[in-house]
Amino acid sequence: TTTPVKVAVTGAAGQIGYSLLFRLAAGDLLGPDTPIELRLLEITPALKALEGVVMELDDCAFPTLAGVQIGDDPTTVFDGVNLALLVGARPRGPGMERGDLLEANGGIFAPQGKALSEVAADDVKVVVTGNPANTNALIALSNAGDIPARQFSALTRLDHNRAIAQLAARLQVPVTEVKHMTIWGNHSATQYPDLFHAEVSGRNAYEAVGDHDWVENTFIPTVAKRGAAIIEARGASSAASAASATIDHARTWLQGTAEGDWVSMAVPSDGSYGVPEGIVSSFPVTVTDGEWSIVQGLEIDDFSRARIDASVEELQGERDAVQELGLL
Ligand code: NAX
């Protein structure tokens, strides 16, 4: 028998959790032959709702679900985990300034980073979905003692998938024809979805579109503001798609990128493409043997440069704010 992989999910009683847990338990991350043990973290008032979700997980009788533990103490829930999906975060409430939001999330991600360093498996991989995702990942890794920074990343795969879907729809091709998509920068409205390096059926995507106005004034804002459009239509923020992207991100990190393709992941910058160290920014990455590397050598023209710089500047502003709050 295979030892179960221990996967922690925070914010497990939330909207994304309600989709994510069932996909994980069904084997969508690890496949049909690897049992999974779920470790679910919530705040105390949400534990009762989480018990209800666990009742539903039981009722699915998933063959790959080896066990479920729930709790409100990260040092208990994260014990021995191989993968931590940090979804739970503090949303911006009415009248909350950006500084208040960053501070509230620092109160979540600093102790979670510390708890992971104390009790998680040495090779734990940490994925931050909860917003502001890039900076929450920076806070977690800065408080995670001896866990190497490269074991932390933040989710821009939903933006990546949205960009693939928009491009495929425009060119009326299946999404599987799109390769080398890249989201640069922050998971926010400043993110830069890049068509200059993307390919459609082996052809440069920007050239295949052949319409700069569409790229600049339709494609980029549609991808960047898709979250708001979902809220407007659905009356709630993206949940199933965010869960699906979280699984895509983790699966790629564990199992590697497809031959001849790359994905977007927000990772601690090593200075590549002039993105300064000390922030978590989205790049094109390949993954081999569980280790990501930033794709090197892409040519960045002035149009792309300006957009990458703007998003990176926003990330540096977030970094400065959390540094002033003593969270790093
Ligand atoms: P919900 O508000 O439905 O659920 C969040 C859950 O987190 C709640 O149940 C809450 O009790 C829990 N929580 C709060 N503090 C916690 C703590 N300290 N420990 C454990 N659990 C805690 O939000 P949901 O729609 O599930 O979204 C979760 C997060 O994902 C939000 O921050 C959201 O902004 C972010 N998103 C990120 C996306 C991305 O692409 N990176 C896209 C989707 C989503 O907007």
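As the structure is a computational prediction, the values presented were derived from the model and not from experiment.

### Here we look at the pairing of strand S2 (residues 36–41)
Regular strands have side chains that alternate between both faces of the sheet. Burial runs high along S2: six of the six residues are buried. As for the winding sense of the linkage, the β-α-β connection from strand S1 (residues 5–10) through helix H1 (residues 15–25) to S2 is right-handed. Two strands pair when backbone bridges link them, and S2 and strand S3 (residues 65–71) are joined in this way by six bridges, in the parallel orientation. Looking across to S3, one finds that arginine 39 is bridged to glutamine 69. This β-α-β element, S2 to helix H2 (residues 47–60) to S3, shows right-handed connectivity.

### Thoughts on the packing of helix H6 (residues 157–171) against helix H8 (residues 212–224)
Packed helices, taken two at a time, are described by the angle their axes make and the gap between the axes. Interaxial distance between H6 and H8 falls to 9 Å at its minimum, and their mutual angle equals 135°. On the basis of their axis angle, the class for H6 and H8 is oblique. Read as a crossing pair, H6 and H8 show a hand that is right-handed. Between H6, through Asp159, Arg162, Ala163, Gln166, Leu167 and Arg170, and H8, the contact on the second element is made entirely by Trp214, Phe219, Thr222 and Val223. Taken together, the residues that form the contact of H6 with H8 break down as five nonpolar, two polar and three charged.

### Thoughts on the packing of H6 against helix H10 (residues 240–255)
Two elements in contact, H6 and H10, have axes separated by 8 Å at closest approach and are oriented at 105°. In terms of axis orientation, H6 runs roughly perpendicular to H10. Contacts between H6 and H10 involve Arg157, Leu158 and Asn161 from the first element and Ser241, Ala242, Ala245, Asp248, His249 and Thr252 from the second.

### A look at the UniProt feature "domain: Lactate/malate dehydrogenase N-terminal" (unreviewed entry) in the chain
As recorded in UniProt, the sites labelled "domain: Lactate/malate dehydrogenase N-terminal" (unreviewed entry) are residues 5–152. Taken end to end, residues 5–152 is 41% helix and 19% strand, and its two terminal C-alpha atoms sit 18 Å from one another.

### Comments concerning the pattern of salt bridges
Going through the model one piece at a time under the given rule, you end up with 10 salt bridges. Here arginine 307 makes a salt bridge to glutamate 216, at a shortest N to O gap of 3.1 Å. Linking arginine 307 in helix H11 (residues 302–324) with glutamate 216 in helix H8, this pair joins segments that are 91 residues apart in sequence. The partly exposed category is assigned to arginine 307, whose relative accessible area is 24%.

### Comments concerning the sheet that holds strand S10 (residues 199–200)
Strand order in the open sheet formed by three strands is S7-S10-S11, with antiparallel pairing between adjacent strands. If you trace the sheet from one side to the other, it starts and ends with strand S7 (178–179) and strand S11 (203–204), each paired once. Of the strand pairs in this sheet, S10 and S11 are connected by two bridges, and their pairing is antiparallel. Looking at S11, one finds that glutamate 199 is bridged to asparagine 204.

### A word on the UniProt feature "active site" (unreviewed entry) in the chain
The feature "active site" (unreviewed entry), as annotated in UniProt, sits at His187 in this numbering. Looking at histidine 187, the relative accessible area reads 21%, which means it is partly exposed. Those residues in contact with histidine 187, other than ones at most four positions away along the chain, are Asn131, Asn134, Leu155, Thr156 and Asp159.

### Quick word on the layout of surface pockets
The volume enclosed by the largest pocket comes to roughly 1,500 Å³. Lining the largest pocket are 48 residues; nearest its centre among them are Ala89, Pro91, Thr129, Gly130 and Asn131. Elements that contribute at least two residues to the lining of the largest pocket include exactly H1, helix H4 (98–119), H6, H8, helix H9 (226–234) and H11. A per-element tally of the lining of the largest pocket places H4 first, with seven residues. A class-by-class count of the residues in the lining of the largest pocket yields 20 nonpolar, 17 polar and 11 charged. Considering the residues around the second largest pocket, the lining is formed by 19 residues, among which Arg157, His160, Ile164, Asp261 and Val263 are closest to the centre. Listed by contribution, the elements that provide at least two residues to the lining of the second largest pocket are H6, S7 and H10. The dominant element in the lining of the second largest pocket, judged by the number of residues it contributes, is H6, at four residues. Residues that form the lining of the second largest pocket fall into these classes: seven nonpolar, seven polar and five charged.

Scoring rules and cut-offs
Residues numbered from 1 in each chain as written. Predicted model: local features only at pLDDT ≥ 70, side-chain atom pairs only at ≥ 80, totals over all residues. Heavy atoms only, no water. Buried < 20%, exposed > 50% of the residue type's maximum accessible area, 1.4 Å probe, protein only. Helix = DSSP H or I, 4+ residues; strand = E, 2+ residues; numbered from the N terminus. Right-handed = clockwise from strand over helix to strand, strands pointing away. Pairing = 2+ DSSP bridges. Axes fitted to C-alpha atoms, helices over the stretch in contact; angles between N-to-C directions. Parallel < 35°, antiparallel > 145°, perpendicular 65-115°, else oblique. Left-handed = near helix turned anticlockwise from the far one by under 90°. Contact = heavy atoms within 4.5 Å. Nonpolar A, V, L, I, M, F, W, Y, C, P; charged D, E, K, R; others polar. UniProt positions renumbered as here; feature names shortened; annotations may be inferred. Salt bridge = Lys/Arg side-chain N within 4 Å of Asp/Glu carboxyl O. 1 Å grid on protein atoms, 1.4 Å probe; cavity = no way out; pocket = protein on both sides within 12 Å on 5 of 7 lines; lining within 4 Å. Points joined across faces, edges and corners; volume = space filled by probe spheres on them.

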